[in-house]
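# Descriptive analysis of the structure
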Amino acid sequence: MSGESAMESAAAVENMLGEIAGVGRASTGGYQRFAWTREDHTLREWFRGAAEAVGLDVTEDRVGNQWAWWGDPDASLRAGRPGVVTGSHLDSVPGGGNFDGPLGVVAALRAVDTLRRDGFTPARAIGVVNFVDEEGARFGVACAGSRVLTGALSPDHALALTDGDGITLAQALTAAGRDPRALGRDDEALARVGTFVELHIEQGRWLVDEGSAVAVASSIWPHGRWRFDFTGEANHAGTTRLADRDDPALALASLILTAREAAATLGCVATVGKVRVVPNGVNAIPSAATGWLDGRGADEAAVRRLVPMIEQTLGTRAVEESFTSTTRFDPALAADLAGLLGGAPVIGTGAGHDAGVLAAHGVRAAMLFVRNPTGVSHSPAEHAEAADCAAGAAALTTVLRSLAAS
Ligand SMILES: [Zn+2]
């Protein structure tokens, strides 16, 4: 074991997070780190350098996900011992925090560094991954990097996705110096992943109430995204009598209120966090309005009932943009990890992750969560104490040591 104190370990994790703290910082105090932008490029370069600094060999798959290996993953696979992989993502939502994603990457690099300095000899290759475009902030599809990797998202569909400026993913890849034709499912890269463990900041307050620094994930809640389109008649905000108006913003307002009521009735959560009003002028009655509904919950049947209930109240139909059923992580693996970590709690989560995409694809996968004292995430207020980050890195070290021991 390294003779390092918990304080030294906390400082090391904090330092590494500090190395990227200036990248993509917005005037609001949050982060704008979107896929295939200059900021993303800077973070990818940082990942390569940080991985190489702890002695890893960095490669990329067909999607652009970065894999840093300790040992030859193909030799490991041929020997019947596919790799143990950990890591997360470095991109952010608009105005995101510095822990969602980066903590998992930093903890992974830290864990590998600790194992190396301890003189640990892994019996199988150990990998650290930086998944590209996890948040879907730019092109609208969450976990795009792992979805294309596993084939859950076809390259044709992915390449045609557009960002807010009308730039397609294909164009963004070209602008980033990549060949969009290379994009596609990558079974060779996936085969190297025998087990995947993603460490992530908790996006809720469960661990605060539990009084524990680290938890193991049991499942990811079912999750749907729907679009509601409303049309009306554009007109002057001053000269049009109320009685003469056909204002779609009123329907949008009803959607927001109805979604909240339906979620409360069904015991799930619903959010209208993205809206579009056309032409979006302060003195114009809109001609069209669109609201995007995000619905999740522990009970899949309840989540499925959410939209029909809203549709019935509003008398309109929604367009389903995506639906992901409950993702269960390997229960035996979760139990093993909880045991290794001295009886850490095992909890479900309402947030999607690349680990969930891999688990849905049949990869043996698990997650560790690190306590977030505010419970706030996808916001600059997201936070984890240095000691808890270090506890997370230590937990991940313990897990990797066990999983790569044979
Ligand atoms: Zn994340």
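In the block above lies the structure referred to throughout.
The rules behind the values
- Residues numbered from 1 in each chain as written.
- Predicted model: local features only at pLDDT ≥ 70, side-chain atom pairs only at ≥ 80, totals over all residues.
- Heavy atoms only, no water.
- Helix = DSSP H or I, 4+ residues; strand = E, 2+ residues; numbered from the N terminus.
- Rg over C-alpha atoms; globule rule 2.2 N^0.38 Å.
- Buried < 20%, exposed > 50% of the residue type's maximum accessible area, 1.4 Å probe, protein only.
- Contact = heavy atoms within 4.5 Å.
- Areas by Shrake-Rupley, 256 points an atom, 1.4 Å probe, with all protein chains shown as cover.
- Donors = N, O, S within 2.8 Å, 3.2 Å for Na, K, Ca; no water.
- Pairing = 2+ DSSP bridges.
- Axes fitted to C-alpha atoms, helices over the stretch in contact; angles between N-to-C directions.
- 1 Å grid on protein atoms, 1.4 Å probe; cavity = no way out; pocket = protein on both sides within 12 Å on 5 of 7 lines; lining within 4 Å.
- Points joined across faces, edges and corners; volume = space filled by probe spheres on them.
- Nonpolar A, V, L, I, M, F, W, Y, C, P; charged D, E, K, R; others polar.
- Salt bridge = Lys/Arg side-chain N within 4 Å of Asp/Glu carboxyl O.
- Core = buried A, V, L, I, M, F, W, Y, C linked by side-chain atoms within 4.5 Å.
- Expected span 1.5 Å × (residues − 1).
- Arc of directions from axis to C-beta.
- Polar contact = N/O pair within 3.5 Å; in protein donor to acceptor, adjacent residues only side chain to side chain.

## Let's talk about the overall build of the chain
Secondary structure assignment for the chain yields 14 helices and 15 strands. Its C-alpha atoms give the chain a radius of gyration of 22 Å, within 12% of the compact-globule value 22 Å for 406 residues. With the principal axes as the frame, the chain shows a C-alpha extent of 80 × 45 × 40 Å. Here the chain, with 406 residues, has 53% of them falling under the buried criterion. Long-range contacts, defined here as pairs at least 24 residues apart, represent 76% of the contacts in the chain between residues at least 6 apart. Roughly 17300 Å² of accessible area belongs to the chain as shown, and the carbon and sulfur atoms make up 50% of that amount.

## Describing the coordination of the zinc ion
With distances of 1.9 to 2.1 Å, the protein atoms coordinating the zinc ion are His 89 (NE2), Asp 100 (OD) and His 200 (NE2). Counting gaps between the donor residues of the zinc ion yields the pattern H-x10-D-x99-H. Of this pair, His 89 sits in strand 3 (residues 83-89) while His 200 sits in strand 5 (residues 193-201); the two residues are 111 residues apart in sequence, bridging distant segments of the chain. Neither residue differs from the other here; His 89 and His 200 are each classed as buried.

## Details of unusual backbone geometry
Here the residue pair Val 278 and Pro 279 is connected by a cis peptide bond, since its omega of 5 degrees sits within 30 degrees of zero. Structurally, Pro 279 can be placed in the loop between strand 9 (269-278) and strand 10 (284-285). Positive phi values are uncommon outside glycine, yet Asn 280 reaches one of about 70 degrees. Here Asn 280 lies in the loop between strand 9 and strand 10.

## Concerning the sheet that holds strand 11 (residues 288-296)
Taken together, the four strands give an open sheet; going across it, the order is 9-11-7-12, and neighbouring strands pair in antiparallel fashion. Edge positions in the sheet fall to strand 9 and strand 12 (319-324), since each of these pairs with one other strand and no more. In this sheet, adjacent strand axes meet at a mean angle of 15 degrees when their direction is disregarded. Here strand 7 (residues 223-231) pairs with strand 11 via nine bridges, running antiparallel. Among the inter-strand pairings, Phe 230 is bridged to a residue of strand 11, identified as Ala 289. The sheet contacts of helix 11 (residues 300-314) involve strand 7, strand 9, strand 11 and strand 12, and relative to strand 7 the element is tilted by about 5 degrees.

## Points about empty space enclosed by the protein
Enumeration over the complete set of coordinates arrives at one cavity of 30 Å³ or more. By volume, the largest cavity is sized at about 80 Å³. Lining the largest cavity are Trp 36, Val 63, Val 132, Asp 133, Ala 144, Gly 145, Val 148, Ala 158, Leu 169, Leu 173 and Leu 183. Put simply, the parts of the chain that give the lining of the largest cavity at least two residues each are helix 5 (144-150) and helix 7 (169-175). Broken down by element, the lining of the largest cavity gets its largest block of residues, three residues, from helix 5. Of the residues assigned to the lining of the largest cavity, the class counts are nine nonpolar, one polar and one charged.

## Concerning the pattern of salt bridges
Inspection of every chain in the model, using the stated rule, returns 20 salt bridges. Of the charged contacts, one joins Arg 38 and Glu 39 as a salt bridge, the two residues approaching to 3.6 Å between their closest N and O atoms. Judged by relative accessible area, which is 65%, Arg 38 ranks as exposed. Here the salt bridges share partners, and the residues they tie into one network are Arg 44, Glu 60 and Arg 178.

## A short note on the pairing of strand 11
Most of strand 11 sits inside the fold, with eight of its nine residues counted as buried. For strand 9 and strand 11, the ladder comprises nine bridges, and the chain directions are antiparallel. Each bridged residue has a counterpart across the sheet, and for Val 275 the counterpart in strand 11 is Gly 291.

## Quick look at the nonpolar core
Residues Trp 46, Leu 56, Leu 103, Leu 109, Leu 368 and Leu 396 are the most contacted members of the largest nonpolar core, which totals 54 residues. Looking at which element gives the most residues to this core, the answer is helix 4 (residues 102-117), with nine residues. Leaving out residues up to four positions away in the same chain, Trp 46 has contacts with Met 16, Glu 19, Ile 20, Leu 90, Val 105, Val 106 and Leu 109. Formed by 40 residues, the second largest nonpolar core is a distinct cluster that contains Trp 67, Trp 69, Leu 207 and Ala 355.

## What to know about helix 10 (residues 248-266)
Between its first and last C-alpha, helix 10 extends 27 Å over 19 residues, near the 27 Å set by a 1.5 Å rise per residue. When helix 10 is considered as a whole, its buried residues turn out to be Pro 248, Leu 252, Leu 255, Thr 258, Ala 259, Ala 262, Ala 263 and Leu 266. Mapping the buried residues of helix 10 onto a view down its axis gives an arc of 135 degrees, with all of them on the same face. Residues of helix 10 that are exposed and point over 90 degrees away from its buried face: Leu 250, Leu 257, Arg 260, Glu 261, Ala 264 and Thr 265. Among the residues of helix 10, the N-terminal cap falls to Asp 247, whose side-chain oxygen and the backbone nitrogen of Ala 249 are separated by 2.9 Å. Of the residues trailing helix 10, Gly 267 is marked for its positive phi of about 75 degrees.

Functional significance is not addressed by these values, which are geometric in nature.
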